[in-house]
Amino acid sequence: MKFKEMPYQRVDFEEKKAQFEELMKEFASAESGETQFEVHKKYYKFKDEIETMITIAKIRHDIDTTDDFYEKEQTYYDETEPELLDMIVNYERQMYESPYRTCLEEKTGAVAFKNIELSIRSFDKKLIPLKQEENALTTEYDKLIASAEIDWDGEILNLSLLRKYLTHRDKEVRQKAYTKYCAFFEANGEELDSIYDKLVENRTNQARELGYDNFIELGYHRVKRNCYGKDMVENFRNQVKEYFVPFAEKLHERRKKRLGLEKLSCADEGVFFADGNPEPIGSPEEIMANARNMYGELSRETKEFFDFMSENELFDVLGRKKKRAGGYMTYLPVYKSPFIFANFNGTSGDINVITHECGHAFQGFLSGKDPIREHADVTMETAEIHSMSMEFFTEPWMNQFFGDRTDDYLSMHLEDAAIFIPYGCMVDEFQHMVYENPGMTPDERHDAWKQLEKEYRPHLDYTGFPYFEKGGFWQKQPHIYDDPFYYIDYCIAQICAFQFKIRMDENYQEAWNSYLKLCNLSASDFFTNMLKETGLASPFEDGCVKKIVEKLEQLYITRS
């Protein structure tokens, strides 16, 4: 079904609670594991119907954040979604404590029950008011960012549409764009600090209500870190500091020389060539047509996927005023339909949407065929391998999008992927610092960010941009507000995607088969186990980052 034709009706949670109680009674009265699993299939349908309505409302709200109807629906779900979470946790606890748990675990897998344990440990009904407040605060942040109205020579742009000028070939244009970009955050800095103050306090209070010292352990449970913990993440970050930061700084030095600059300003951060970054050729409609051709040729599975997405109009990718910033893939379970939301702006980022987000959507399309719904509950570090690796697997078709600047794009893409890793680790360490010290003032948080910049991105100069110079750059990163502790997943995944990149340059089909296996495994096994099953080294192991840096330098730096 086309997205525009999908009917929407507000979820009546009072009605759903009554239905849910009947479902739980039926589950409790079942006299065998097989019978309980048949009830569990009804739970799949019940939950899918609710989540589909919530997701339709969210997408339509994000498409136009000024739409009064869907703004009210979003506010409603901000307030009532914790009630859904309470229902889910109550049901999962019943599964977890079932006398037939062994049978149920054989059906759904051990990962499902570990995730249930984390859900139980991360939620209690007494948190509902705090969860409602947290939802409202993240929506407030998203609306504030989406509300940006940047005057650009008489044209009003939001932050997404300003992006093409932030990466313009002319340094003066970039400086002008960055000045306006920085000015938006400075003008709203007090409000951004206030929202984050309240979020940190809120999440800390949730953690303490559940008996945790601070939000970190609760945050890890919420993102279902089911096979690794804080110490392993810290070890990974330390490897990045030791081996990847020096490698990234070499790339920045090469870029600086390529641009003919004496120093790299933050206004130069997204620019890779003196004559400007490669831009996609063709209209958005032509880009999408070329994408369909690309996925049609890549594999039988990707052809089926992209044809389904196109025929059901499961994309909203054009940048528009009043549209939420950023991009994402989400899923509509009733229709077994992924959906891709983005903001095309005429830059190479448009192509990243149809590679990165389609990596997510492709895996979602595959997992939607699995009757065990828990297998679709992919943790984020695994999900980001799907997307980041797809960026590399689609490289043979980039000439369709960049023509005679294809080589420039491929070089830029590799460098950009590499220099991201220190930044992503910095975002993660910043969040650990914040939630370990929830009493930090806004100024102390900005100072902490500045210090981390010196460790992870020592090349960068914010001179001339006072708000960013004082340490305010982190406030443009929505994950810090909306999805705490998610961001490190990008870094873990990028290390794995680089392994696929190295392998595909040696044997493309073998690498693709391994990637397809990972996508089909979905969440049927733990992340660290799936790495072994698909022949990938764990980023948490000592020596992994060092080996990848050495291989990247050998293959892509020394030769160039």
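Everything numeric in this text was worked out from a predicted model, so none of it was measured.

Here we look at the overall build of the protein
Across its full length, the protein holds 24 helices and seven strands. Over its C-alpha trace the protein gives a radius of gyration of 23 Å, about what one expects of a compact globule, namely 24 Å for 560 residues. With respect to the principal axes defined by its C-alpha atoms, the protein has extents near 75 × 50 × 50 Å. For the protein, restricting intrachain contacts to residue pairs at least 6 apart in sequence, the fraction spanning at least 24 positions comes to 77%. Only carbon and sulfur atoms are counted for the fraction: they give 48% of the accessible area of the protein, which is about 22600 Å². Side-chain charges of the protein comprise 71 positive and 104 negative groups, with the mean position of each set lying 2 Å from the other.

Some words on the pairing of strand β6 (residues 337–344)
Burial within β6 is extensive, with eight of its eight residues counted as buried. Side chains Ser 337, Phe 339, Phe 341 and Asn 343 project from β6 onto one buried face, and the interleaved Pro 338, Ile 340, Ala 342 and Phe 344 project onto a second face that is buried too. The pairing of strand β4 (residues 315–318) with β6 spans three bridges and is classified as parallel. Pairing of Phe 315 across the sheet is with Ile 340, part of β6. Sheet analysis places strand β5 (residues 328–332) next to β6, joined by five bridges and oriented antiparallel.

Observations concerning the sheet that holds β6
Judged by pairing direction, the sheet is mixed, and its three strands sit side by side in the order β4-β6-β5 without closing on themselves. Of all strands in the sheet, those bounded by a partner on one side alone are β4 and β5. Shown here is a sheet whose adjacent strand axes are inclined to one another by a mean of 15 degrees, direction ignored.

Here's the deal with the UniProt feature "domain: Peptidase M3A/M3B catalytic" (unreviewed entry) in the protein
Here, the residues flagged by UniProt with the feature "domain: Peptidase M3A/M3B catalytic" (unreviewed entry) are residues 167–265 and 311–547. Counting secondary structure, residues 167–265 comes out at 77% helix and 2% strand; the distance between its end C-alpha atoms is 12 Å. End-to-end, the C-alpha atoms of residues 311–547 are 43 Å apart, and along that stretch the chain is 58% helix and 8% strand.

Observations concerning the packing of aromatic side chains
All told, the structure shown has 62 aromatic pairs when counted by the stated rule. Relative to Tyr 91, the ring of Phe 27 has its centre 5.4 Å away and its plane inclined at 65 degrees; by these criteria the two rings are edge-to-face. Of the two residues, Phe 27 is situated in helix α1 (residues 13–29) and Tyr 91 in helix α3 (residues 68–96); the sequence distance between them amounts to 64 residues. Tyr 91 matches Phe 27 in its accessibility class, with the two residues each being buried. The residue whose ring lies beneath Lys 176 is Trp 152, and the NZ or CZ to ring-centre distance is 4.4 Å. Looking at Arg 255, its charged tip hangs above the ring of Phe 272, at a distance of 5.5 Å from the centre.

Some details on the state of the cysteines
Scanning all chains against the criterion turns up zero disulfides. With no disulfide of its own, Cys 227 lies closest to Cys 496 among cysteine sulfurs, the gap being 11 Å. You can see Cys 519 has no disulfide; the closest cysteine sulfur is in Cys 358, sitting 12 Å from it. On the accessibility criterion, Cys 519 (0% relative accessible area) is buried.

Observations regarding the pattern of salt bridges
Under the definition given, this model contains 56 salt bridges. The closest approach of N and O atoms between Glu 83 and Lys 17, which form a salt bridge, is 3.2 Å. Taken together, the positions of Glu 83 in helix α3 and Lys 17 in helix α1 put the pair 66 residues apart, joining distant regions of the chain. Exposure remark for Glu 83: the relative accessible area of 18% places this residue in the buried category.

Topic: the environment of Gly 439
In this structure, Gly 439 sits in the loop between α17 (406–436) and α18 (442–456). Residues Gly 439 and Gly 403, spaced 36 residues apart in sequence, show a C-alpha to C-alpha distance of 53 Å.

Points about the packing of helix α15 (residues 380–393) against helix α21 (residues 488–506)
Direction vectors running N to C along α15 and α21 enclose 40 degrees, while the axes themselves pass 8 Å from each other. Taken together, the axes of α15 and α21 lie oblique to each other. Along this stretch, α15 crosses α21, giving a crossing that reads as right-handed. Here α15 contributes Met 380, Glu 381, Glu 384, Ile 385, Met 388, Ser 389, Phe 392 and Phe 393 to the contact with α21, which in turn contributes Asp 489, Tyr 490, Ile 492, Ala 493, Gln 494, Cys 496, Ala 497, Phe 498, Phe 500, Lys 501 and Met 504. Its residues assigned to classes, the contact of α15 with α21 comprises 13 nonpolar, two polar and four charged.

Examining the environment of Gly 109
Within the fold, Gly 109 resides in the loop between α4 (101–108) and α5 (110–122). Owing to a relative accessible area of 15%, Gly 109 belongs among the buried residues under this scheme. Sequence separation of Gly 109 and Thr 330 is 221 residues, and the distance between their C-alpha atoms is 24 Å.

A few points about the side chain of Gln 494
Inspection of the secondary structure assignment puts Gln 494 in helix α21. With near-sequence residues (within four places) excluded, Gln 494 lies in contact with Met 388, Phe 392, Ala 417 and Ile 421.

Quick look at unusual backbone geometry
The phi torsion at Glu 313 lies on the positive side, around 50 degrees, for a residue other than glycine. Mapped onto the elements, Glu 313 comes out in the loop between α13 (300–311) and β4. Positive phi outside glycine occurs at Lys 336, with the angle close to 50 degrees. Position of Lys 336 relative to the elements: it lies in the loop between β5 and β6. With a relative accessible area of 47%, Lys 336 lands in the partly exposed category.

Side note on helix α24 (residues 544–557)
For α24, spanning 14 residues, the distance from its first C-alpha to its last is 19 Å, which sits close to the expected 20 Å at 1.5 Å a residue. Buried within α24 are the following residues: Cys 544, Val 545, Ile 548, Val 549, Leu 552, Glu 553, Leu 555, Tyr 556 and Ile 557. Elements that come into contact with the buried residues of α24 comprise α11 (230–259), α17 and α21.

Definitions and limits used
- Residues numbered from 1 in each chain as written.
- Predicted model: local features only at pLDDT ≥ 70, side-chain atom pairs only at ≥ 80, totals over all residues.
- Heavy atoms only, no water.
- Helix = DSSP H or I, 4+ residues; strand = E, 2+ residues; numbered from the N terminus.
- Rg over C-alpha atoms; globule rule 2.2 N^0.38 Å.
- Contact = heavy atoms within 4.5 Å.
- Areas by Shrake-Rupley, 256 points an atom, 1.4 Å probe, with all protein chains shown as cover.
- Lys, Arg positive; Asp, Glu negative; His and termini not counted.
- Charge placed at Lys NZ, Arg CZ, Asp CG, Glu CD.
- Buried < 20%, exposed > 50% of the residue type's maximum accessible area, 1.4 Å probe, protein only.
- Pairing = 2+ DSSP bridges.
- Axes fitted to C-alpha atoms, helices over the stretch in contact; angles between N-to-C directions.
- UniProt positions renumbered as here; feature names shortened; annotations may be inferred.
- Phe/Tyr/Trp six-rings, centres within 6.5 Å; stacked < 30°, edge-to-face > 60°.
- Lys NZ or Arg CZ within 6 Å of the ring centre and 35° of its normal.
- Disulfide = S-S within 2.5 Å.
- Salt bridge = Lys/Arg side-chain N within 4 Å of Asp/Glu carboxyl O.
- Parallel < 35°, antiparallel > 145°, perpendicular 65-115°, else oblique.
- Left-handed = near helix turned anticlockwise from the far one by under 90°.
- Nonpolar A, V, L, I, M, F, W, Y, C, P; charged D, E, K, R; others polar.
- Expected span 1.5 Å × (residues − 1).

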